[in-house]
Amino acid sequence: MQTTGKNRHQLGQEEFLRAAWEWKDSKESCIYDQLQKLGVALDWDCSVFTMSKDMSHSVVQAFIMLHDRGLIYRKPRPVNYCPALQSVISDIEVDHWKVTGPTETVIPGHDEPVMFGQMFDVAYPLVFPDGSTPSSGEHIVVSTTRPETIPADTAIMVHPQDHRYKHLIGKKAQIPCRPDRSIPIIADAAVDPAIGTGAVKVTPGLSAVDYAVGQRHHLPVMSNILRDGTLDSSVPSLQGLPRLSARGAMLSLLEERGLLRAVRPHAQTVPRCSRTGDVVETLVQKQWFVRVREMAERSCRAVENGDLLIDPPSQRNVWTTWMKQTQHEDWCISRQIWWGHRVPMYRIRHAADTEPLKGAGPLADDDGEVWLAAESETQALDKAAEMLGRSAELLRAEQDPDVLDTWFSSALFPFASLGWPWQSARLSRYYPTSVLVTGQDILFFWVARMVMLGTELTGQLPFKRVQLHGLICDSKGVKMSKSRGNVIDPMILIDSEYRAAASKSSHNTDPLYSHSSQNKSSTELSSQDPSSPAKSSPKQAEDKKSDHPTNVASNTTGLDLPFVGPDVLRMALLSTSLFSDHVQFGPKELDSFSKLPNKMWQSVKFLRMSCDRIKCRELLPLHKLTQDLGVMERWLLHHTGSLVSTADGALRSCNTALLITAFTTLWKSVLCDVFLEAVKPCIDVHSSLEVPDCAVESLKGPEMQYGDAVTSMSVMAHCMTTALLCIAPVMPHLAEELYHCMPTVAGSPKKPSIFAEAYPQHAMWHQWEDISVARQVDAWLEVVAAARSLKAAHGAAQKRASGVLYSECPHLTAAQRGTELSSVACHLAQLSAIEIIYGKNPEGCVQASLVTPAGENSVLHLNIPGVDVEQQAARLEKRLAKLARQLSVAKKYEWSNTEKINKLSNELQHTQRLKESLQELILRQRRPTS
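We now turn to the structure provided with this report. The shown structure was predicted, so the numbers you read here are calculated from the model rather than taken from an experiment.

Calculation rules
Residues numbered from 1 in each chain as written. Predicted model: local features only at pLDDT ≥ 70, side-chain atom pairs only at ≥ 80, totals over all residues. Heavy atoms only, no water. Axes fitted to C-alpha atoms, helices over the stretch in contact; angles between N-to-C directions. Helix = DSSP H or I, 4+ residues; strand = E, 2+ residues; numbered from the N terminus. Parallel < 35°, antiparallel > 145°, perpendicular 65-115°, else oblique. Left-handed = near helix turned anticlockwise from the far one by under 90°. Contact = heavy atoms within 4.5 Å. Nonpolar A, V, L, I, M, F, W, Y, C, P; charged D, E, K, R; others polar. Core = buried A, V, L, I, M, F, W, Y, C linked by side-chain atoms within 4.5 Å. Buried < 20%, exposed > 50% of the residue type's maximum accessible area, 1.4 Å probe, protein only. Pairing = 2+ DSSP bridges. Expected span 1.5 Å × (residues − 1). Salt bridge = Lys/Arg side-chain N within 4 Å of Asp/Glu carboxyl O.

## Brief notes about the packing of helix H20 (residues 631-652) against helix H25 (residues 771-793)
Angle between the axes and distance between the axes: these two values describe a pair of packed helices.
Reasoning step 1: Relative to each other, H20 and H25 sit at 110°, their axes nearing to 9 Å. When the axis of H20 is compared with that of H25, the two are roughly perpendicular. In this structure, H20 meets H25 at a crossing whose hand is left-handed. Facing Val-631, Met-632, Arg-634, Trp-635, His-638 and His-639 of H20, the residues of H25 in contact are Ile-771, Val-773, Ala-774, Val-777, Asp-778 and Leu-781.
Reasoning step 2: Its residues assigned to classes, the contact of H20 with H25 comprises eight nonpolar, two polar and two charged.

## Describing the nonpolar core
Reasoning step 1: Met-571, Met-600, Met-632, Phe-663, Trp-667, Met-713 and Met-716 are the most contacted members of the largest nonpolar core, which totals 107 residues.
Reasoning step 2: The greatest single-element share of this core, amounting to 15 residues, is contributed by helix H21 (residues 656-687).
Reasoning step 3: If we ignore the near neighbours within four places in the chain, the residues touching Trp-667 are Lys-599, Met-600, Ser-603, Val-604, Cys-672, Met-720, Ala-723 and Leu-724.
Reasoning step 4: Val-343, Trp-407, Leu-427 and Ala-448 belong to the second-largest nonpolar core, a separate cluster that totals 55 residues.

## A short note on the sheet that holds strand S20 (residues 395-399)
Reasoning step 1: The three strands are arranged S19-S18-S20 in an open sheet whose pairing can be described as antiparallel. Edge positions in the open sheet fall to strand S19 (371-373) and S20, since each of these has one partner strand only. Neighbour-to-neighbour, the strand axes of this sheet turn through a mean angle of 35°, independent of strand direction.
Reasoning step 2: Bridging between strand S18 (residues 345-350) and S20 involves five bridges; their strand directions are antiparallel. Looking at the pairing, Arg-349 lines up with Arg-396 of S20.
Reasoning step 3: Contacts between helix H8 (residues 377-388) and the sheet are confined to S18, S19 and S20, with S20 contributing the most and set at about 130° to the helix.

## A closer look at H25
Reasoning step 1: Here H25 contains 23 residues, and its C-alpha end-to-end distance of 32 Å stays within 8% of the 33 Å for a straight helix at 1.5 Å per residue.
Reasoning step 2: Gly-795, located one to two residues past H25, shows a positive phi value of around 65°.

## So, the environment of Met-51
Reasoning step 1: Within the secondary structure, Met-51 is located in the loop between helix H2 (13-37) and helix H3 (53-68).
Reasoning step 2: Taking the C-alpha atoms as reference points, Met-51 and Trp-339, 288 residues apart in sequence, are found 9.4 Å from one another.
Reasoning step 3: Not counting residues up to four positions away in its chain, the partners in contact with Met-51 are Trp-21, Ser-56, Trp-339, Gly-340 and His-341.

## Overview of the environment of Ile-225
Reasoning step 1: Looking at the secondary structure, you find Ile-225 in the loop between helix H4 (208-217) and helix H5 (246-256).
Reasoning step 2: Sequence separation between Ile-225 and Arg-243 is 18 residues; the distance between their C-alpha atoms is 6.9 Å.
Reasoning step 3: If we skip the residues at most four places from it in the chain, Ile-225 touches Arg-146, Thr-149, Leu-206, Thr-230, Leu-231, Arg-243, Glu-281 and Leu-283.

## Observations concerning the pattern of salt bridges
Reasoning step 1: Across all of its chains, the model carries 32 salt bridges by this definition.
Reasoning step 2: Of the charged contacts, one joins Asp-162 and Arg-164 as a salt bridge, the two residues approaching to 2.8 Å between their closest N and O atoms.
Reasoning step 3: Judged by its relative accessible area of 6%, Asp-162 falls in the buried class.
Reasoning step 4: Here Arg-335 ties to Asp-405 by a salt bridge, and the two come within 3.2 Å at their closest N and O atoms. Separated by 70 residues along the polypeptide, Arg-335 in strand S17 (residues 334-335) and Asp-405 in the loop between strand S21 (403-404) and helix H9 (406-411) bring together distant segments of the chain. As far as the burial class goes, Arg-335 and Asp-405 line up, both buried.
Reasoning step 5: Through salt bridges with shared partners, one network takes in Arg-146, Glu-148, Arg-243, Arg-247, Asp-278 and Glu-281.

So this is what it looks like as structure tokens:
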């Protein structure tokens, strides 16, 4: 419609619906294709569409049940209304745009930008009881941000304790521009005397707050804004003007009559339609509402009693608070659009009359019109004939043209998608479901309504647990929205052919993802971020260009996102914290995992090549690896057991971020950075032995030495396979591929798919958890890190060095494993040798050594040949001065950035220790030897 420049009314309902179904069919296949290529494992045979025949039947039946129970009614009440759409909209479709002062922006239906952020003081002349005005010109000055709605005012309100106006309470004032109408001055505590003049106008027909005031004071409800957003004939000179454009005309009239007293800047929040950018009006209209009081009370008790679990726990109080508030606010479910489920309500008329049939009792609304809920016109006439005692031939039924709020049909999805109201086998088996995972932003619009309607219509909660995640935003923290054009097309990130095809297109014409930034009408412009000013500076225009490019290959966010494949995209999304309200997503998040698949491939490749080098056809099964394991093998098994334990708890709690962190720690830090490097010498030694090409079980006698490498490779294979099983729900494609690349284990043939394997259980891996081994290895890794850091600090990272380790740490000096671990440490840190001495660091020992802390109660001395210690000392002196300046600036100007200050402080202390070590070494070298 945007490409043709026509709205739905110009297109016509029949043509609009035809185009909508075509759009649905094309986008449905696109969405399914995205899900499948992302590796989402679903039962595709059970897919349903909310507008399908069966789902439509469920929606109609649910509506009729609720109506027959007296839970659905028709009544005039305040609703959110979008004049551009000419329809009621839900709260979730309203964006709240905050302005701090005078701000112009483009609004649909208005030729010129509209100014917001101003308050106007308008004088209302007082009137005598006979309707005349005092000759003295006495008046009351009212503050308002909407002078164009003055003709619909029904009262002026002041605070009952405001001494300025106490003498005016109960009197009347004349409406400016409407000398034929006078309105009362009332007192109500809803007024804030500190804002404006302390007197405000009350317009119940155009404000939910004023409507509540009007109900308390029995005020009439009036409106001068028509459904198309123009003004009515209450002020003839303003009739037909767009309501916001009429503001200037109204101010001119007031100024001519001397009634406009002041204009001042004013901070305000403007409600805007998220789909059109139009200003949302509060209009009192007859709509269909659902009574939610009893349903909300049940839903509130379900969480308080623990029958329904909501995570994170902070959202439980939010749920309870909202449910208690919504008990007083019924749910508007009717919409004035064409796409959706038609409201199954029929107005009954006499067959020969054009006027509706009037009646009384349960069949009539407030106006006496007779409405019936029915599946069809025929059923409605039959029901009317039976209930009214008349022949159906004498009656006529007209269905309400409105459609139902999409959240109404969506609220039925947990059971309607399984065949409800029919009692099917699928409904009995799968309802209620176990867990719902969804965003925090639709906790009330969808989750709450699923719970309310589920308990009302089925007598059961639709699920036992709700897991909420944060709102996915772009890299700048702005909510992703198709209308803003900052959503990410996942296919560009995961499908190389799609990406190549998209890169050839200079414009993204797919409205599913973004709008073109060229040739926008005022309506389209307003659908961008409402906070963006209508008139942008060159810098803002350049930022807008980078944020919303027209080239699909540059991505709809305007960021050069890399091609990462589906598994990295899944991992980046699933690694986000469940406790964050907003989740920023962009290049940084993708880069965190972009290199992981290659590291996993290389690890498996190393394992296979190592098995080939040691001529091992089959690896040992896990149950045979219980004796004579080296400390590094036990350490790897311990960390794998920890991963299994974490994975089990993470999936049970739906906290995939914990699983991903544990997996990346094991695979990158434990397996690749340490274990894989530690076993390379063993592989090199045993690959040079003359051993037969046979299975390990056949090795006897002196060839049993060959089993050390086989054991290491067997442990590595089992741990890698287990890690792949743990991460398979997150990285299904890569896990499946690498699973089939793993070497064969004796007596354990591979399954057709990794998903046919049982998920690792903590009970099976508990025996391998060994805290003492973990502490010993971790202590030695601190020594390795200290040696590497010390060598790198003195420009000798690749040089061999010898060391002496003075330590009182029992994990470093344990005799049982000390020799093996010291050898591993020497290999990892490129040390020719390291001597371990139990005790404190003695004074003046090791004449030509560099000294650094190496963990708790440990000091490492290194002798690095060829290091010019005096030159290094001078370099460290300069580094210390630079760090001191940076820390001083950070404490003065970035005092709240504690992370940066702590980092600088730690680096300063570390550099100071290195400097002191060098100075001590220089003194020892200069000291004459005896």
